[in-house]
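Coordinates in review
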Amino acid sequence: MTVQEGLVIASAADAPHPPRARRAQFSLGSWLLPVYTALALIFLLIPIAYTFVFSFNNSLKSNISWRGFTLDNWTNVCNAQDVCAAFGNSILIGVVATVVATALGTAIAIALVRYRFRFRSAISLLLFLPMATPEVVLGAGLASEFLGAGVQKGIGTIIVAHIMFCISFVVVTVKARVSSLDPALEEAGRDLYGSPAQVFWRITFPLLLPGIIAAALLSFALSFDDFIITSFNSGSATTFPKFVYISAARGIPAEANVIASAVFLLAIVLVIGQQVTAASRRKRLTRVG
Amino acid sequence: MATAAFAEAGADLELVGVHKRFPGFTAIEDLSLTIPAGSFFALLGPSGCGKTTTLRLVAGLEEATAGRILIGGKDVTDTKPFQRPVNTVFQSYALFPHMSIIENVAFGLRRRRIADATAKAHEALSLVELDHLATRRPSQLSGGQQQRVALARAIVNRPALLLLDEPLGALDLKLRRQMQLELKSIQEEVGLTFLHVTHDQEEAMTMADTVAVMNKGQIEQLGAPEVLYELPRTAFVANFLGQSNLFTGPVADTTADSISVNIAGSKIVVPRARAKRHSGQVTIGVRPEKLSLHLTAPEKTAETNVLGPGRVIDVSFSGVSSQYIVAVPGLGSIIVFAQNMGAGPMAPEGAETWVSWKVEHGFGLEDEASAAPRFTADDDTATIAVQKKRALMSELEEA
Ligand SMILES: Nc1ncnc2c1ncn2[C@@H]1O[C@H](COP(=O)(O)OP(=O)(O)O)[C@@H](O)[C@H]1O
Ligand SMILES: [Mg+2]
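Residues numbered from 1 in each chain as written. Chains lettered and ligands numbered in written order. Predicted model: local features only at pLDDT ≥ 70, side-chain atom pairs only at ≥ 80, totals over all residues. Heavy atoms only, no water.

A closer look at the confidence of the model for chain B
Residues and elements named next belong to chain B. Stated precisely, the cut-off is as follows: Scored from 0 to 100, pLDDT reflects the predictor's confidence in each residue. Here a helix means four or more residues in a row that DSSP labels H or I, a strand means two or more in a row labelled E, and each is numbered from the N terminus. The contact criterion used is simple: two residues touch if any of their non-hydrogen atoms lie within 4.5 Å.
Confidence in the prediction of chain B, expressed as mean pLDDT, is 87, and 89% of residues score 70 or more. The weakest mean pLDDT in chain B belongs to helix α9 (residues 381-398) at 58; the strongest belongs to helix α2 (residues 101-111) at 96. Scored below 50 in pLDDT, residues 371-380 shows 16 contacts in the model against residues more than four places distant or in partner chains. Interface confidence for the predicted complex, given as ipTM, is 0.78, next to a pTM of 0.77.

In structure tokens:
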């Protein structure tokens, strides 16, 4: 047998194998992965779908069994006792806590990155603590503080509590942005006759803005969502999560499903809108460049 | 405010005994310097010698540990950067990424509330031939274009003093030559004082009226490019600005206008006026292109110095000229540049040769040739920034 013949035989014998093996792997992956993904998604979405569907339920007192379709819950959301008041409280608390926590947290983040001072590392570490501590501990601790200080619990104490844990998240988010900011840009601003305030508002702030917005959205979501710390520090005031929790015992009114669904839809619209504008901006940039 | 109007003309810059100490490191040591108004002044030195620090001190971005800084006769040592009639073209350009090119250029004008900021910014952009890109963002421009925007953004303010920190560093050779010419013509057109920092000796020599060679935070020598080249004062200058052959030996003999030095048994003469030291150990230097190669021992006259015989150990041909390295026993190697007048090299490798030069071409140095380069690590500000970032990262991880 010549060398060439040997090669031909060898390659003829080898040739079918790798494609076949690959096809087998592919077909396994091609059904397993989609099925697995679909199952996971269904599992994730069932509670949301349930909430959404039952927001159209023509319920009486409890909203557990399907009693027919109606739009009444959507058109008269505020019919249910206190649902709207609780929702309004949540929005108010979320907005105030977000504004204060974002402003303070941004200032702290800039200070921590830009300046060298005593206890700088200690402060960095302490700011991580609220994120690492169990919420029950934070909530209970704060509640006993308020008790000790003789502060009347209510919306004010909820806001203070929310600011406390939101600041940590703001600092961590904005800090990353500050450390990636080239100090030469601010120096160029000062060199080009910008006063310290002008340099901050025209250069530093716009460049940090994406981080600040992300931090604010995160703060609002955390605040709107919070139940444990809130319930320790709310006194008689009600927020939306607290309302849902309390009414769960005797049946959640369908109006609560309406508000939950609306919040979910709003969030989806915001995310999609952001994606679309980002994509179109990218397209515009590549066209010009 | 002093900066409320355009500067009519350039201003003098005067540094008096300036020191800059960073924690654990002295970057600038007793720097005194006067740059006359309207001149193109180059600060030349190896990376890490303190050039950027000097510019930052003048711009007010760094505070001097000691000393005074005067611009146009006015002491600005204690003023803030935005109060100084100075603009900088940064080494990294530092264009504002969130603003269009035209807004970048108009930034300084708007801060000073100068009328017609946009029109003036367009004018400045036309000067650097980039007006057609006015609405783009910096990230959509090439490096060379960004560099020109940075230049326009500084020049549009008509500062009395323009600081340029290696602004051509990132450009390729051709664009660099073009920008050098452009910079020079802009400087002549607007008549401002330019303080240009570079580590490229050719750039400094071709562009500047005056060059200061800086080493380890101090100015070694300052003067017109030709003077620096023809009569370097220290071994560092002799080697940083072009190449030099340096020989050290004891003074054998002095006359009213010359000094003789004993070098490996030969007497080498240098004019007294061109020697900084007149006794003890003296280092004599001569540029490679001033040397002649001889295949037979040349006659020693009062006007020439001769060294040799030695052997050619390397010949490299580079078109117009060839570089020969001649090893002379007891002296080390001597570099000779010779024009390629005839066909083929003047001396083949291994040939026995002598070198000679006219006495008037030699120079005597103030210090002695030291074997090791006098500057050490390549620790420039970029390195510092990287180190700082690393320290920060590790701190973050700890936290
Ligand atoms: N912020 C700083 N802290 C400590 N050392 C510095 C700092 N900035 C610069 N240096 C040191 O000063 C020296 C000069 O730096 P620089 O002026 O950037 O040099 P050049 O611009 O000539 O390359 C370098 O050796 C550097 O290590
Ligand atoms: Mg530098």
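Remarks on the pairing of strand β12 (residues 258-263) of chain B
All names here are of chain B. What counts, and what does not: Classification of residues uses two cut-offs on accessible area relative to the type maximum, computed with a 1.4 Å probe and protein chains only: under 20% is buried, over 50% is exposed, and between them is partly exposed. Strand pairing is defined by DSSP finding a minimum of two bridges between the two strands.
Counting buried positions along β12 gives five out of six residues, so the element sits mostly inside the fold. Examined bridge by bridge, strand β11 (residues 245-254) and β12 share three bridges and lie antiparallel to one another. Within β12, the position partnered with T254 by the bridge is I259. Between β11 and the antiparallel strand that follows it, β12, lie three residues. Relative to strand β13 (residues 266-271), β12 is paired through six bridges, and the arrangement is antiparallel. For I259, the partnering residue across the bridge sits in β13 and is V270. Hairpin connection from β12 to β13: two residues lie between these consecutive antiparallel strands, with A264 at a positive phi of about 50°.

A short note on the sheet that holds strand β2 (residues 25-35) of chain B
Residues and elements named next belong to chain B. Stated formally: Note on geometry: axes are C-alpha line fits, over the in-contact stretch for helices, and angles between N-to-C directions span 0 to 180 degrees.
The strand order β2-β1-β4-β5 describes an open sheet built from four strands, whose pairing is antiparallel. Across the chains shown, the open sheet's two edge strands, defined by having one partner strand only, are β2 and β5 (74-75). Here five bridges tie strand β1 (residues 13-22) to strand β4 (residues 66-71), and the two strands are oriented antiparallel to one another. Counterpart to L15 in the pairing with β4 is I69. Each of β1, β2 and β4 touches helix α1 (residues 51-59); the most contacted strand, β1, lies at about 115° to it.

Considering the layout of surface pockets
Residue and element names in this part refer to chain A. Short version of the rule: A cavity here means a set of points on a 1 Å grid, drawn over the protein atoms and nothing else, where a 1.4 Å probe fits but cannot get out; a pocket is an open set with protein on both sides within 12 Å along at least five of seven lines, and a residue lines either one if it has an atom within 4 Å of a point. Grid points are joined across faces, edges and corners, and a volume is the space filled by probe spheres set on the points. Asp, Glu, Lys and Arg are counted as charged, while Ala, Val, Leu, Ile, Met, Phe, Trp, Tyr, Cys and Pro are counted as nonpolar; the rest, among them Gly, fall into the polar class. Domains are outlined according to an automatic or database domain assignment.
The calculated volume of the second largest pocket comes to roughly 1100 Å³. If you go around the second largest pocket, you meet 36 residues; those closest to its centre are F224, A260, V263, F264 and A267. The set of elements that each furnish at least two residues to the lining of the second largest pocket consists of α2 (17-54), α4 (83-114), α9 (196-225), α11 (240-248) and α12 (254-288). Element by element, the count of residues in the lining of the second largest pocket is highest for α12, at 14 residues. For the lining of the second largest pocket, the per-class residue count stands at 29 nonpolar, six polar and one charged. Both domains that meet at the lining of the second largest pocket, namely domain 1 (2-54) and domain 2 (81-252), each give it at least three residues.

With respect to the state of the cysteines
Residue and element names in this part refer to chain A. Just so we agree on the cut-off: Any cysteine sulfur atom paired with another within 2.5 Å is treated as part of a disulfide.
According to the stated counting rule, one finds one disulfide over all chains in the structure shown. The partner cysteine of C78 in its disulfide is C84, sulfur to sulfur 1.9 Å. Between C78 and C84, the S-S torsion sits near -90°, and that sign places the bridge as left-handed.

Description of the interface of chain A and chain B
Applied cut-off: Once two parts are joined, some of their accessible surface, as seen by a 1.4 Å probe, is lost; buried area is that loss totalled over both. A side-chain nitrogen of Lys or Arg and a carboxyl oxygen of Asp or Glu constitute a salt bridge if their distance falls within 4 Å. What qualifies as a polar contact is a pair of N or O atoms within 3.5 Å, subject to a donor-acceptor requirement within protein and to the restriction that residues adjacent in sequence count only when both atoms come from side chains.
Counting from both sides, the interface comprises 29 residues of chain A and, opposite them, 32 residues of chain B. Buried area between chain A and chain B, summed over both chains or domains, comes out near 2700 Å², and the portion from carbon and sulfur atoms is 63%. Connecting chain A to chain B are one salt bridge. Residue R56 of chain B pairs with E187 of chain A through a salt bridge whose shortest N-O separation is 2.8 Å. For the pair chain A and chain B, the number of links is six residue pairs in polar contact (both at pLDDT 80 or more). Contributions of two or more residues to the side of chain A that touches chain B are made by α5 (120-132), α7 (155-179), α8 (183-191), α9 and α12 of chain A. If you tally residues by element for the side of chain A that touches chain B, the top one is α8 of chain A, at seven residues.

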